[in-house]
Amino acid sequence: MNTPARHVRTRAACLSKVIAFAIALAAAAGFLSKTQAETPPQPSDPAADLSLPEDLPFELPPDIPDLLAGMPVQEGGRIKPLSTFARFALLRLNARTTLSVSESDGSKTRLDAMSWLCECLFYPRRAVTRPCFNIDTDEIITALGLRAHEKKRDRYAYAELAPGRDQLVLLARAMGRKESRELNWLERQVVRLAENMLFFESLIHYGDFARNRLDLRGISLFEDKFDRPESVPLSRFLETAPAILRALGENTGDAAQNSDQVRQGIDLLFERLNQAYGALPTAPTLAVIPSADPKNDAWKHPLSLIETALRPDMSESARSTVASVQLWEALYAAESPKDFRQAVIDLVSYTADRAEPAGQNAKVALELRYYRMNLLLWAQWLFVLAFVAGAPLWSFTRGKAGYWAAMALQIPPTLLLAAAITLRCIIRGRPPVTTLYETILFTTLTAVLIAWTIEVIQRGWIIGVLAALLGGAGLFLAGRYEAAEGMDTMPAVIAVLDTNFWLATHVTTITIGYGAGLLAAALAHAHMLGVLLFPSRREKFAGLQRAIYGVVCFCLVFSLAGTVLGGVWASRSWGRFWGWDPKENGALMIVLWCLILLHARRGGFLAGWGMSLGSVVLGMVVAFSWWGVNALGVGLHSYGFTSGIWLNLALFWAIELVVLAAGLGASVSMERRERLQRIQSGNP
């Protein structure tokens, strides 16, 4: 799908000033209208004002979403279940994987992603009334001259946003002259909403290729080839067009004599094609027609079938895709729920069979089960439960029973997290870390396992409680990142990143180093806060400093090994071991800071809370190397740019600076108090 940002390069430079002035006027007018509005206007019949396809004349059988969920499709360069596409499509628009809707009787129901996608495909007039667009600020709504809801952040239906669609696209195109990292927060929201509206339109019109019919009357080349030329299904056109065009090319003499007539016929054909299928997205993201060639893993989009049919040299494999189109047409031609259900079964079975010879359907069922099990959500809340229940068990019980009961609570969520990572590796056929999202999962598992190991050695209960807290916090961060990005977290990657051994070991090893560095920072926080809040148990918390030292050593080993492995890969792939790339420098910063801490401790310069304060700084360095470097947008590692990351990093660093200042002040104060007590006791 073409985004607004890609079409703006040819706009005049003065357009931005005009647009800015229009925004100001629209915002002022919208603000005044908002103060007078209590509820947003709901169009009584959205289809009356919008150009929408017709809904099916009957309700779908209740098992249709489940039947379609396992159908293999291709999106983003990989084969996946249709339910995965639906999940991330709804997450992209709604920031959630479910949709809360109000029924006509006033009751509230919740639609899952597949039910929502079925409405988009088969009931577009109903889908436009569903509030699936998450708007973070009503400033966008008022800038479009629309009436905003009472809540500043709320969800809107397409029917509410449609009156301002053209102005929204114009604003987004004007803002698209900038690079994405140069846009401010509000501008990014405008561009994203415009892209989401275009994406939603591609969904509700996606079935047009199977729903609409071609009118070929008046086109002499085609009219006499069909019994009903006024209503020709796309499948029949795909079967017939190549032969007609091929015969036209062979009969060059007649074609020369009737060149004007032929040209007029071709022009009229393109006009009719545009009338029937003009609403189809020019670059649809979802491919549903399996490739007929086992050696070609690229599936077909409906629009590409039309382009192929207009070539006289259409191959036999391309002709075999007509059967898929016929099955899709049977969905929209069904006259009863029973007929529709059978058409769905036939379509899903045929698509799976066509994908099987090339091995493209092998892991679809596993991925479907992975998302249905929702392992990460279960793990997140079980970690929270382990923390809430484990802390009292460790604090108020004595003996081994309470201790091991608290430890046992962490076993299920840890196993679920490990199982989720393992399943993702099997589904993708890749190492556990290839995306930023996966680094969060792997870093969380690393921190939990290291904390467990230390707890088993020291038996101090504090690190055990911290392990549960880190597990829940890490999975919460992963969920927030997934919702913010709204993209498939198992995307296809280029071959060099997929198969290179040195890269796989480098990324995995350096991510273990991230987990260890963040665990050291967490232990440092626990040490300082524990001493401040529970001064009577200072000796208990002082034992954490030994754990911090060990974790920093662990972080140094894996960060150094990961950096060297990255250099080996860079030497093989880019022809140089080290190039002072920002990501390389970030990894080096972790190594150098760990060395500084260890040498300073060895030299006696980090007495008292020094190691804890230094580990807090280590957490800040790891955060920069992990996230900040990618956001710089320079170097060979600028692949992970995440909008808005600098604000979050700045907030994190600000909090850590406050912790450092408080810790340093408390350390100096306690040292003075201890010195005064020694003087008073006569032992200075």
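All figures in this text were calculated on a predicted structure; none of them were measured in a lab. (Residues numbered from 1 in each chain as written. Predicted model: local features only at pLDDT ≥ 70, side-chain atom pairs only at ≥ 80, totals over all residues. Heavy atoms only, no water.)

1. Description of the overall build of the protein
So, step 1. Each helix and strand counted, the protein has 32 helices and 7 strands in total.
So, step 2. In the protein, buried positions account for 49% of the 684 residues.
So, step 3. Within the protein, contacts between residues at least 6 apart in sequence are counted, and of these 74% link residues at least 24 apart.
So, step 4. Of the accessible surface of the protein, which amounts to about 32,300 Å², a share of 59% is contributed by carbon and sulfur atoms. (Helix = DSSP H or I, 4+ residues; strand = E, 2+ residues; numbered from the N terminus. Buried < 20%, exposed > 50% of the residue type's maximum accessible area, 1.4 Å probe, protein only. Contact = heavy atoms within 4.5 Å. Areas by Shrake-Rupley, 256 points an atom, 1.4 Å probe, with all protein chains shown as cover.)

2. Description of the sheet that holds strand β7 (residues 286-287)
So, step 1. In spatial order, the strands read β2-β1-β7; together these 3 strands make up an open sheet with antiparallel pairing. With one partner strand each, in any of the chains shown, β2 (78-81) and β7 form the two edges of the open sheet.
So, step 2. The sheet contacts of helix α20 (residues 364-373) involve β1 (72-75) and β2, and relative to β2 the element is tilted by about 55°. (Pairing = 2+ DSSP bridges. Axes fitted to C-alpha atoms, helices over the stretch in contact; angles between N-to-C directions.)

3. What about the pairing of strand β3 (residues 98-102)?
So, step 1. Burial of the side chains of β3 is restricted to one face: Leu 99 and Val 101 are buried, whereas none of Thr 98, Ser 100 and Ser 102 on the reverse face is.
So, step 2. By the bridge criterion, 5 bridges tie β3 to strand β4 (residues 108-112) in an arrangement that is antiparallel. Within the sheet, the bridge partner assigned to Val 101 lies in β4 and is Thr 109.
So, step 3. Linking β3 to β4, which pair antiparallel, is a turn of 5 residues; within it Gly 106 sits at a positive phi near 90°.

4. Thoughts on the side chain of Asn 196
So, step 1. Tracing the chain through its elements places Asn 196 in helix α10 (residues 185-204).
So, step 2. Only 2.8 Å separates the side chain of Asn 196 from the side chain of Arg 92, close enough to count as a polar contact.
So, step 3. Apart from the residues lying within four places of it in its own chain, the contact partners of Asn 196 are Arg 92, Leu 93 and Phe 133. (Polar contact = N/O pair within 3.5 Å; in protein donor to acceptor, adjacent residues only side chain to side chain.)

5. Some details on the pattern of salt bridges
So, step 1. In total, this model carries 25 salt bridges according to the counting rule given.
So, step 2. Glu 367 is paired through a salt bridge with Arg 78; the nearest N and O atoms lie 2.7 Å apart. Here Glu 367, found in helix α20, pairs with Arg 78, found in strand β2; they are 289 residues apart in sequence, far enough to count as distant. Pair check on accessibility: Glu 367 and Arg 78 agree, each one buried.
So, step 3. Among the ionic pairs, Arg 576 bridges to Glu 584, the shortest N-O distance being 2.8 Å.
So, step 4. Using a relative accessible area of 21% as the deciding quantity, one classes Arg 576 as partly exposed.
So, step 5. Take Glu 584: its relative accessible area is 10%, and that puts it in the buried class.
So, step 6. Salt bridges sharing common partners tie together Glu 75, Arg 78, Lys 80, Glu 367 and Asp 488. (Salt bridge = Lys/Arg side-chain N within 4 Å of Asp/Glu carboxyl O.)

6. Structural notes on the side chain of Thr 84
So, step 1. Here Thr 84 lies in helix α4 (residues 82-94).
So, step 2. Reaching out from Thr 84, the side chain makes a polar contact with the side chain of Glu 367 at a distance of 3.0 Å.

7. Digging into a nonpolar patch on the surface
So, step 1. On the surface, a nonpolar cluster with roughly 370 Å² of combined accessible area is contributed by Leu 377, Trp 381, Val 384 and Val 388.
So, step 2. You can see Val 388 is positioned in helix α21 (residues 375-396).
So, step 3. A relative accessible area of 53% places Val 388 in the exposed class. (Patch = residues over 30% accessible without salt bridge, like charges linked within 9 Å, V, L, I, M, F, W, Y side chains within 5 Å.)

8. Some remarks on helix α22 (residues 400-408)
So, step 1. Those residues of α22 lying buried are Gly 402, Tyr 403, Ala 406 and Met 407. With its buried residues spanning 135° around the axis, α22 presents them on a single face. Exposed and facing more than 90 degrees away from the buried side of α22 are Lys 400 and Ala 401. (Arc of directions from axis to C-beta.)

9. Quick notes on helix α29 (residues 544-574)
So, step 1. Across its 31 residues, α29 extends 43 Å between first and last C-alpha, which sits within 8% of the 45 Å expected from 1.5 Å per residue.
So, step 2. Remark: Gly 575 follows α29 within two positions and exhibits a positive phi of approximately 80°. (Expected span 1.5 Å × (residues − 1).)

10. A look at the nonpolar core
So, step 1. Counting residues in hydrophobic clusters, the biggest one holds 94 residues, and the most contacted among them are Trp 116, Phe 122, Phe 200 and Phe 237.
So, step 2. A per-element tally of this core places α10 first, with 9 residues.
So, step 3. Residue contributions to this core reach at least three from each of two domains, namely domain 1 (4-38 + 228-333) and domain 2 (83-210).
So, step 4. Counting 84 residues, the second-largest nonpolar core is a separate cluster that includes Leu 466, Ala 467, Ala 547 and Val 551. (Core = buried A, V, L, I, M, F, W, Y, C linked by side-chain atoms within 4.5 Å. Domains from an automatic or database assignment.)

11. Comments concerning the packing of helix α18 (residues 322-333) against helix α19 (residues 337-355)
So, step 1. Orientation of α18 relative to α19, taken along the N-to-C sense of each, is 160°, at an axis distance of 8 Å. Overall, the two elements α18 and α19 adopt an arrangement that is roughly antiparallel. For α18 against α19, the interelement crossing comes out left-handed. Residues Ala 323, Ser 324, Leu 327, Trp 328, Ala 330 and Leu 331 of α18 pack against Phe 340, Ala 343, Val 344, Asp 346, Leu 347, Tyr 350 and Arg 354 of α19.
So, step 2. Looking at side-chain class alone, the contact of α18 with α19 contains 10 nonpolar, 1 polar and 2 charged residues. (Parallel < 35°, antiparallel > 145°, perpendicular 65-115°, else oblique. Left-handed = near helix turned anticlockwise from the far one by under 90°. Nonpolar A, V, L, I, M, F, W, Y, C, P; charged D, E, K, R; others polar.)

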